[in-house]
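# Observations on the model geometry
The lines below spell out each chain.
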Amino acid sequence: MTVLWTSDEIAEATGGTASASFEVTGVTFDSREVEPGDLFVAMPGTAYDGHRFVDGAFDAGASGAIVSQPVDRPHVLVEDTARALEDLGRAARARTSATIIGVTGSVGKTSTKEALFAALDRNAPEQVHRSVKSYNNHTGVPLSLARMPRDSRFAVLEMGMNNAGEIRALTAMVRPHLAAITAIAPAHIENLGSMEGIADAKAEIFEGLEPDGIAIIPNDTPHRDRLVRAARRFAAQIVSFGTGDADVHAVHAGRAEQGGSLVTAALLNSEITFTISQRGEHWVSNALLVLACIEALGADPAVGALGLADLGGLKGRGERHIVKVDGGEALVIDESYNANPASMAATIKSLGAEREVDRRIAVLGPMRELGPTSDQLHADLAPILVEAGVGEVVLVGEETMPLERALNSASHVTRASSADDAAERVRAMLRPRDAVLVKASNSIGLSRVVDRLTKGLD
């Protein structure tokens, strides 16, 4: 494999001292993810110090480590390993000639990042780098930068936040040529106080734009003008996507024969008809953002759209499973990774649009960090469930009690004490031609429901 970093380069970037000469082909701070040739960064932790896992990392094939304590293995010794990872990320950004795309937003960050990667990879095969998983915070972003191959032509990096100022720090490290916001929704409103506060925190991404940078903003938000004003201070070009008078908008969108959507979109300089493999109106919006980025970057939107047609299911974000049950099969839709009011509404509507099903079941857990609006925002899901024709609702967590009261027998509600209990209750009720949606904030652990239904785990 191509060398990613040498020990001398790591030492120079971090101000550390190399114990020996070595080369690495990857970077990780999770000893469980070490691949042969990796650099293991022994990060400090609240529960476990990464230095405890250095030997295990080398046993798994690591070629070197960044440590703050000398070890009897090839390493670069630094004062602070967390700061060293940031320094390595900055060095990766400084040495690259890649076009950098930064993505943030209240919903759809990871899904859009994956779609952007798929579309760009069609334009520049094997030359596009991206964040993995949802590595979008103060440790995930520098790790994603540090992993960027030297010869990358494009890099798509996700940035998340819980509080104001966090994206400002991340975008200063990423320094994107194009910065995109997926949507503004009441995620983390408990910390940020208002929707305007959320919009301002997301708009911090524009502050890191390189000269002649491009800002991509959602048109379908009451805070569009606020985002435009923020972008104007830093961006040479602003492109909106969505409906109405958006620069990039759908002329027509309908269901494709094999599921997903068939879309005709008006771009800045052309019109294109394409297919999205993913289901739901929210994916039409994601696709419009992707094509707006592709066109703004000078790549070919038609070629990029082929990536949208082939985009596979994303674990925890819409991955679909066919489950064998007595007498036939049922569908399980895994949306267990995250939840907020906007994404809940979008996926419930998508469940309602499922064809060839006899019954719709929603397994829902709490949406977190909604502050004093939590009860109302949970209750507001009731009419959406009813309109989508969801006949069975399985609820987990005390925060969902307002939703149960609001449903008021419009749908049959089963209350579960835990994710495992919810899985058992769904397994007991599952019939052929059922469609089951599983969604909650990740901390609830409803991925366990998906595992129990699809893999039969104990």
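Note that the coordinates shown come from a computational prediction; the quantities given were computed from them, not determined experimentally. (Residues numbered from 1 in each chain as written. Predicted model: local features only at pLDDT ≥ 70, side-chain atom pairs only at ≥ 80, totals over all residues. Heavy atoms only, no water.)

## Observations concerning the nonpolar core
Judged by nonpolar contacts, the single largest core of 56 residues is most densely connected at Phe206, Ile348, Leu364, Leu385 and Leu403. Taken domain by domain, the makeup of this core includes at least three residues from each of domain 2 (96-310) and domain 3 (319-454). When residues no more than four places from it in sequence are discounted, the contact partners of Phe206 are Ala179, Ile181, Ala215, Ile217, Leu227, Ala230, Ala231 and Phe234. With 41 residues, the next largest nonpolar core counts Ile101, Phe154, Ile272 and Ile294 among its residues. (Core = buried A, V, L, I, M, F, W, Y, C linked by side-chain atoms within 4.5 Å. Buried < 20%, exposed > 50% of the residue type's maximum accessible area, 1.4 Å probe, protein only. Domains from an automatic or database assignment. Contact = heavy atoms within 4.5 Å.)

## A short note on the sheet that holds strand β15 (residues 261-266)
The strand order across the open sheet built from nine strands is β9-β10-β8-β11-β12-β13-β14-β15-β16, with neighbouring strands paired in mixed fashion. Of all the strands in the sheet, the pair left with one neighbour each is β9 (128-130) and β16 (271-276). Neighbouring strand axes in the sheet, compared pairwise and without regard to direction, differ in orientation by 20° on average. By the bridge criterion, four bridges tie strand β8 (residues 99-104) to strand β11 (residues 178-181) in an arrangement that is parallel. Among the inter-strand pairings, Thr104 is bridged to a residue of β11, identified as Ile181. (Pairing = 2+ DSSP bridges. Helix = DSSP H or I, 4+ residues; strand = E, 2+ residues; numbered from the N terminus. Axes fitted to C-alpha atoms, helices over the stretch in contact; angles between N-to-C directions.)

## A short note on the environment of Arg415
Relative to the helices and strands, Arg415 resides in strand β21 (residues 412-416). As for Arg415 and Met195, which are separated by 220 residues in sequence, their C-alpha atoms are 31 Å apart. Ignoring anything within four residues of it in the chain, the contact list for Arg415 reads Leu395, Val396, Gly397, Thr400, Met401, Glu404, Asp421 and Arg425. There is a polar contact of 2.9 Å between the side chain of Arg415 and the side chain of Glu404. (Polar contact = N/O pair within 3.5 Å; in protein donor to acceptor, adjacent residues only side chain to side chain.)

## Section: the pairing of strand β10 (residues 154-158)
Of all five residues in β10, five are buried; the element is thus mostly enclosed. Of the two faces of β10, the one lined by Phe154, Val156 and Glu158 and the one lined by Ala155 and Leu157 are each fully buried. Where β8 and β10 come together, five bridges link them in parallel fashion. Across the sheet, residue Ile100 finds its bridge partner in β10, namely Ala155.

## Here we look at the packing of aromatic side chains
Scanning all chains against the criterion turns up two aromatic pairs. With a centroid separation of 6.0 Å and an interplanar angle of 40°, the aromatic rings of Phe29 and Tyr135 are classed as tilted. Taken together, the positions of Phe29 in the loop between β4 (26-28) and β5 (38-41) and Tyr135 in the loop between β9 and α5 (140-146) put the pair 106 residues apart, joining distant regions of the chain. Taking the centre distance of 6.3 Å and the plane angle of 75° together, the rings of Tyr48 and Phe53 count as edge-to-face. The exposure class of Phe53 is partly exposed, given its relative accessible area of 33%. The side chain of Arg130 reaches across the aromatic face of Phe117, ending 3.8 Å from its centre. (Phe/Tyr/Trp six-rings, centres within 6.5 Å; stacked < 30°, edge-to-face > 60°. Lys NZ or Arg CZ within 6 Å of the ring centre and 35° of its normal.)

## Overview of the sheet that holds strand β20 (residues 392-396)
Think of a sheet as strands paired side by side through backbone hydrogen bonds, with each pair either parallel or antiparallel. With mixed pairing, six strands are arranged side by side in an open sheet as β17-β18-β22-β19-β20-β21. Looking at which strands have only one partner, the edges of the open sheet turn out to be β17 (319-325) and β21. Geometrically, the sheet is characterised by an average inter-axis angle of 20° between neighbouring strands, direction not taken into account. Here four bridges tie strand β19 (residues 359-364) to β20, and the two strands are oriented parallel to one another. By the bridge assignment, Ile361 is partnered in β20 with Glu392. With respect to the sheet, helix α12 (residues 341-352) is in contact with β18 (328-335), β19 and β22 (434-439), its orientation differing from that of β22 by roughly 175°. Along the sheet, helix α16 (residues 419-429) makes contact with β19, β20, β21 and β22, crossing β21 at roughly 140°.

## Re the UniProt feature "domain: Mur ligase C-terminal" (unreviewed entry) in the protein chain
The UniProt record annotates "domain: Mur ligase C-terminal" (unreviewed entry) at residues 328-441. Across residues 328-441, helical content stands at 38% and strand content at 26%; the span's end C-alpha atoms are separated by 31 Å. (UniProt positions renumbered as here; feature names shortened; annotations may be inferred.)

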